[in-house]
4 protein chains.
Amino acid sequence: MNLKYDECIKACLECLKACNTCFDACLQEDDVKMMAECIRLDRACADICAFAIQAMTSNNPFVKEICQLCAEICYRCAEECAKHDHEHCQKCAEACRKCAEVCREMSL
Amino acid sequence: MNLKYDECIKACLECLKACNTCFDACLQEDDVKMMAECIRLDRACADICAFAIQAMTSNNPFVKEICQLCAEICYRCAEECAKHDHEHCQKCAEACRKCAEVCREMSL
Amino acid sequence: MNLKYDECIKACLECLKACNTCFDACLQEDDVKMMAECIRLDRACADICAFAIQAMTSNNPFVKEICQLCAEICYRCAEECAKHDHEHCQKCAEACRKCAEVCREMSL
Amino acid sequence: MNLKYDECIKACLECLKACNTCFDACLQEDDVKMMAECIRLDRACADICAFAIQAMTSNNPFVKEICQLCAEICYRCAEECAKHDHEHCQKCAEACRKCAEVCREMSL
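Residues numbered from 1 in each chain as written. Chains lettered and ligands numbered in written order. Predicted model: local features only at pLDDT ≥ 70, side-chain atom pairs only at ≥ 80, totals over all residues. Heavy atoms only, no water.

**A word on the relation of the copies chain D and chain A**
Counted only if it meets this: To line up the copies, we fit them by least squares on C-alpha atoms, keeping just the residues with pLDDT of at least 70 in both.
Least-squares fitting of chain D to chain A yields an RMSD of 0.0 Å, with the transformation described by 0.0 Å of translation along the axis and a rotation of 180 degrees. Both chain copies can therefore be described as sitting about a two-fold axis. For chain D, the smallest separation between a C-alpha atom and the rotation axis is recorded for Ala 50 of chain D, amounting to 3.3 Å.

Dropping the structure here:
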């Protein structure tokens, strides 16, 4: 595996963890309805992060395009999570933003 | 690809479709909170169905074990969906039961 | 699930099947070395097809972008498979081209 | 996310990295044919590790069963990789054994 991917793999894992933690926590909130878009984006974001991790570690020929898509989904998920005051949402927004930035650089 | 897998691949795709449709529809219901466990299991079930499809079509050496796990998750998702009167839940319960049966046979 | 996705989901499933069948068959060929790039792209292509199926059935907000990426990977996999005379490669090239076209339309 | 999963998530990521690195390196070896079973198992093992990471971080109700299956596949991949002298195979065997042990404990 290319060593330059290390930081990005780490950011994707942290983002995946934060998104899935937020997905699980949103489903346990009192007002789940308010969290519907957050739940939807948490899943989409965790899934593309897992996909990007697989691509980066396997020398997938489309790793740049996959990281670019990952960055886009992370930015959108960060935007949604940032709207909610729950700690899991705020943490998720931060992890998504960080991951989006690192993935963006990887895609250039 | 082994032809005997055809029915099982088809059942897994139908189940994945029904689970993801139910996941999406539950997130748009008025009472999302009541659907939280359904949303969680829909995701888990769609994911294992996608995993089983990949395993069956790629001659994965652990295809029997994967189909067995898929059957277990499908049974559990069917059980949860069957509790709710929404049409998407009832359809999902039926697709999950069908898929569970076919996967069980595949795992023997 | 949006009904307009039906043709695309079917094309992605056929492509995933053909790619994984080709992946498995390439690994059983006498000259595996000649098939190395084909094996690599078969995996990458099957994986993005599975990802696109999940996205289309779950109303993922990034379904267009995912289908666009799927189309790119399918085109590249078709190009590689078309170089080889094995029946599994020729069938895979055809399924990939078909899937690429349908995914491209979906992404517009 | 449950903190007790941390060690297991880390082991799964290390195993996924080692399997995908080995998959990529095997495809670049002179004698790819000798590595065919290794390539096949590397993919299967990386895939179940990614699946287990998703399950552990999202509070999937079947996390124990998924970790048990992950352990089985890791043991088998370790066994195959251990047969080959390439550094990437030996490293992979070690990462798989470690992951298998941690996943086994998680599944009890």
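**Concerning unusual backbone geometry**
Residue and element names in this part refer to chain B. We count it as follows: For helices the rule is a DSSP run of H or I covering at least 4 residues; for strands it is a run of E covering at least 2, with both sets numbered from the N terminus onward. Exposed residues in this analysis have more than 50% of their type's maximum accessible area, buried residues have under 20%, and partly exposed residues fall in between, with area computed by a 1.4 Å probe over protein chains only.
The phi dihedral of Asn 59 falls on the positive side, at around 60 degrees, and the residue is not glycine. Within the element layout of this structure, Asn 59 appears in the loop between helix 2 (36-57) and helix 3 (63-81). Judged by relative accessible area, which is 36%, Asn 59 ranks as partly exposed.

**Here's the deal with the interface of chain C and chain A**
So the rule is basically this: Throughout, a contact is declared for two residues whenever any of their heavy atoms are within 4.5 Å. The term buried area refers to how much accessible surface (probe radius 1.4 Å) is lost by two components on association, counted for both of them together. Counted as salt bridges are all cases of a side-chain nitrogen of Lys or Arg within 4 Å of a carboxyl oxygen of Asp or Glu. In protein, a polar contact means a hydrogen-donor-capable atom and an acceptor-capable atom, both N or O and within 3.5 Å, with residues adjacent in sequence counting only if both atoms are side-chain atoms; elsewhere, any N or O pair within 3.5 Å suffices. For this scheme, ten residues count as nonpolar: Ala, Val, Leu, Ile, Met, Phe, Trp, Tyr, Cys and Pro. Four count as charged, namely Asp, Glu, Lys and Arg, and the remainder, Gly too, count as polar.
Counting from both sides, the interface comprises 20 residues of chain C and, opposite them, 20 residues of chain A. Contact with chain A buries surface across chain C, with Phe 51, Phe 62 and Leu 69 of chain C losing the most and accounting together for 33% of the total. Our count for the chain C to chain A interface comes out at 0 salt bridges. Summed over the shared surface of chain C and chain A, the result is 1 residue pair in polar contact (both at pLDDT 80 or more). Listed by contribution, the elements that provide at least two residues to the side of chain C that touches chain A are helix 2 (36-57) and helix 3 (63-81) of chain C. With 9 residues, the top contributor of residues to the side of chain C that touches chain A is helix 2 of chain C. By residue class, the composition of the side of chain C that touches chain A is 9 nonpolar, 4 polar and 7 charged.

**Section: the side chain of His 84 of chain B**
All names here are of chain B. Take His 84: it is sitting in the loop between helix 3 and helix 4 (87-107). Overall, His 84 belongs to the buried group, its relative accessible area being 8%. A polar atom in the side chain of His 84 sits 3.1 Å from the side chain of Glu 80. The contact partners of His 84, leaving out residues within four places of it in the chain, are Met 34, Met 35, Cys 38, Cys 89 and Gln 90.

**Notes on the packing of helix 2 (residues 36-57) of chain D against helix 3 (residues 63-81) of chain D**
Residues and elements named next belong to chain D. Going by this rule: In this analysis an axis means a line fitted to C-alpha atoms, helices contributing only their contacting stretch, and an angle means the value between N-to-C directions, from 0 to 180 degrees. Throughout, the term roughly parallel applies to angles under 35 degrees, roughly antiparallel to angles over 145, roughly perpendicular to angles from 65 to 115, and oblique to all others. In a left-handed crossing the near helix is turned counterclockwise from the far helix by less than a right angle, and in a right-handed crossing that turn is clockwise.
Orientation of helix 2 relative to helix 3, taken along the N-to-C sense of each, is 155 degrees, at an axis distance of 9 Å. The angle between the axes of helix 2 and helix 3 places the two elements in the roughly antiparallel class. When you trace helix 2 past helix 3, the crossing you get is left-handed. Between helix 2 and helix 3, the contacting residues are Glu 37, Cys 38, Leu 41, Asp 42, Ala 44, Cys 45, Ile 48, Cys 49, Phe 51, Ala 52, Ala 55 and Met 56 on the first element and Val 63, Ile 66, Cys 67, Leu 69, Cys 70, Ile 73, Cys 74, Arg 76, Cys 77, Glu 80 and Cys 81 on the second. For the contact of helix 2 with helix 3, the per-class residue count stands at 19 nonpolar, no polar and 4 charged.

**Remarks on the interface of chain D and chain A**
With 18 residues of chain D in contact, the opposing surface of chain A contributes 18 residues. Across the chain D to chain A interface the summed buried area is about 1,500 Å²; carbon plus sulfur atoms make up 56%. The tally of links from chain D across to chain A stands at 0 salt bridges. Of all elements in the fold, only helix 1 (6-26) and helix 2 of chain D reach the threshold of two or more residues within the side of chain D that touches chain A. For the side of chain D that touches chain A, a count of residues per class yields 7 nonpolar, 7 polar and 4 charged.

**Thoughts on the nonpolar core**
Within soluble globular proteins, side chains that are nonpolar tend to cluster in buried spots. Put simply, the rule reads: What we call a nonpolar core is a set of buried Ala, Val, Leu, Ile, Met, Phe, Trp, Tyr and Cys residues that are connected through their side-chain atoms within 4.5 Å.
Counting 212 residues, the largest nonpolar core has Cys 12 of chain A, Cys 12 and Ile 39 of chain B, Cys 12 and Ile 39 of chain C together with Cys 12 and Ile 39 of chain D as the members making the most contacts within it. Ignoring anything within four residues of it in the chain, the contact list for Cys 12 of chain A reads Cys 49, Ala 52, Ile 53, Met 56, Cys 70, Cys 99 and Cys 103 of chain A.

**Re the pattern of salt bridges**
By the definition in use, this model includes 36 salt bridges over all chains. Its salt-bridge partner being Asp 47 of chain B, residue Arg 43 of chain B comes within 3.9 Å of it at the nearest N-O pair. Of this pair, Arg 43 of chain B and Asp 47 of chain B both sit in helix 2, 4 residues apart, roughly one helical turn. Residues Arg 43 of chain B and Asp 47 of chain B agree in their burial class; the two are buried. A salt bridge links Arg 76 of chain C to Glu 79 of chain C; the nearest nitrogen and oxygen atoms lie 3.3 Å apart. Of this pair, Arg 76 of chain C and Glu 79 of chain C both sit in helix 3, separated by 3 residues, roughly a single helical turn. The partly exposed category is assigned to Arg 76 of chain C, whose relative accessible area is 25%. A network of salt bridges, in which partner residues are shared, links Arg 43 and Asp 47 of chain A together with Arg 43 and Asp 47 of chain B.

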